[in-house]
Amino acid sequence: NAGVTQTPKFQVLKTGQSMTLQCAQDMNHNSMYWYRQDPGMGLRLIYYSASEGTTDKGEVPNGYNVSRLNKREFSLRLESAAPSQTSVYFCASSVAGRGNIQYFGAGTRLSVL
Amino acid sequence: QQQVKQSPQSLIVQKGGISIINCAYENTAFDYFPWYQQFPGKGPALLIAIRPDVSEKKEGRFTISFNKSAKQFSLHIMDSQPGDSATYFCAASPSGTYKYIFGTGTRLKVLA
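Residues numbered from 1 in each chain as written. Chains lettered and ligands numbered in written order. Predicted model: local features only at pLDDT ≥ 70, side-chain atom pairs only at ≥ 80, totals over all residues. Heavy atoms only, no water.

Here we take up the overall build of chain B. In terms of helices and strands, chain B carries 0 helices and 11 strands. Listed by position from the N terminus, the elements making up chain B come as β-β-β-β-β-β-β-β-β-β-β. What you see for chain B is a C-alpha radius of gyration of 13 Å, in line with the 13 Å of a compact globule of 112 residues. Projected onto its principal axes, the C-alpha positions of chain B cover 40 × 30 × 20 Å. Counting only residues that meet the buried cut, chain B has 46% of its 112 residues in that class. (Helix = DSSP H or I, 4+ residues; strand = E, 2+ residues; numbered from the N terminus. Rg over C-alpha atoms; globule rule 2.2 N^0.38 Å. Buried < 20%, exposed > 50% of the residue type's maximum accessible area, 1.4 Å probe, protein only.)

Listed below in structure tokens is the structure:
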């Protein structure tokens, strides 16, 4: 059982380039999330998907787009990368409902030069 | 913006000592308070969690204390071990949602 799988693990982009971060979960969870982690800032929610077919903005959505491809997969796209988007990105999933545990992937470390 | 404030930013404890990390929140409409542990290069993993209808929850060496009137909750690690060295995040879930708002993290180092 893999849990939450993120690809790639590392990526270097030049300013203005685009890329998509992939996330897949095999736990049959309804809800999925994208966070970014920056030093001293904790984890901040970018976008989330409460269920297949729905997506909503989190705390820091500017510069990002998401797609909930199916129940398993939730991708995060940077259309025109900026140095301010240099961060570690985490995908998480949970069973829908109150107080459910979020399970995290291992992260994607992204550098934008 | 709802916030969760966490302190200290870093903590050094001797092996066998007690590690204490504190969090405070600014909005009463939270109904779930998890703590996550993160090792370098890994994703966060749930350590222990509490709901506001109880004042304390203990799992092994880890205890959450919750003070609803003060809007504060804390993590106590008893008999701290070098293997506990990690970054710890508190979080709070707004009522009626399953989103989390995370604190800024505490980097714990336990000296052997």
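What follows continues from the structure just given.
What follows deals with the overall build of chain A. Scanning chain A from N- to C-terminus turns up 0 helices and 11 strands. Traced from its N-terminal end to its C-terminal end, chain A shows the element sequence β-β-β-β-β-β-β-β-β-β-β. Relative to a compact globule of 113 residues, whose C-alpha radius of gyration would be 13 Å, chain A shows 13 Å and is just as compact. Taking all 113 residues of chain A together, the buried fraction comes to 48%. When contacts within chain A are restricted to residue pairs at least 6 apart in sequence, those whose partners lie at least 24 apart make up 55%. About 5100 Å² of surface is accessible on chain A, with carbon and sulfur atoms providing 49% of the total. For chain A, the distance from the average position of its 11 positive side-chain charges to the average position of its 7 negative side-chain charges is 4 Å. (Contact = heavy atoms within 4.5 Å. Areas by Shrake-Rupley, 256 points an atom, 1.4 Å probe, with all protein chains shown as cover. Lys, Arg positive; Asp, Glu negative; His and termini not counted. Charge placed at Lys NZ, Arg CZ, Asp CG, Glu CD.)

Aromatic ring pairs: the centre-centre distance and the angle between the two ring planes describe each pair. Residues and elements named next belong to chain B. Here the structure, examined in full by the defined rule, presents 22 aromatic pairs over all chains. Here Tyr25 and Phe33 contribute two aromatic rings whose centre-to-centre distance is 5.1 Å and whose plane-to-plane angle is 40°, an arrangement assigned as tilted. For the residue pair Tyr25 and Phe33, the accessibility class agrees, reading buried in each case. Each ring, one from Phe33 and one from Phe66, has its centre 4.8 Å from the other, and the planes form 45°; the classification is tilted. Here Phe33, found in strand 4 (residues 30–38), pairs with Phe66, found in strand 7 (residues 62–67); they are 33 residues apart in sequence, far enough to count as distant. The exposure class assigned to Phe66 is buried, which follows from its relative accessible area of 7%. (Phe/Tyr/Trp six-rings, centres within 6.5 Å; stacked < 30°, edge-to-face > 60°.)

Many analyses report the size of an interface as the accessible area lost when the parts associate. With 22 residues of chain A at the interface, the matching set in chain B holds 20 residues. Together, the buried faces of chain A and chain B total about 1800 Å²; carbon and sulfur atoms form 56% of this surface. Along the contact surface separating chain A from chain B lie 0 salt bridges. Inspection of the chain A/chain B interface yields 4 residue pairs in polar contact (both at pLDDT 80 or more). Within the residue set of the side of chain A that touches chain B, elements represented by two or more residues are strand 4 (31–38) and strand 5 (42–49) of chain A. (Buried area = accessible area lost by both parts, 1.4 Å probe. Salt bridge = Lys/Arg side-chain N within 4 Å of Asp/Glu carboxyl O. Polar contact = N/O pair within 3.5 Å; in protein donor to acceptor, adjacent residues only side chain to side chain.)

Residue and element names in this part refer to chain B. Ordered by their spatial adjacency, 5 strands build an open sheet running 1-3-8-7-6, and the pairing between neighbours is antiparallel. The outermost strands of the open sheet, each flanked by one partner alone, are strand 1 (4–7) and strand 6 (56–59). The mean inter-strand angle of the sheet, taken between neighbouring strand axes irrespective of direction, is 15°. Direction of pairing for strand 3 (residues 19–25) relative to strand 8 (residues 72–77): antiparallel, over a ladder of 6 bridges. Its bridge partner lying in strand 8, Ser19 is registered against Ile77. (Pairing = 2+ DSSP bridges. Axes fitted to C-alpha atoms, helices over the stretch in contact; angles between N-to-C directions.)

With the rule as written, the count across this model stands at 2 disulfides over all chains. Across a sulfur-sulfur distance of 1.9 Å, Cys23 of chain A and Cys91 of chain A are joined as a disulfide pair. With the S-S dihedral at roughly -75°, the linkage between Cys23 of chain A and Cys91 of chain A falls on the left-handed side. Taken together, the residues span a long stretch of sequence, with Cys23 of chain A in strand 3 (residues 19–25) and Cys91 of chain A in strand 9 (residues 87–94) at a distance of 68 residues. An identical accessibility class is assigned to Cys23 of chain A and Cys91 of chain A; each is buried. At a sulfur-sulfur separation of 1.9 Å, the disulfide partner of Cys23 of chain B is Cys90 of chain B. (Disulfide = S-S within 2.5 Å.)

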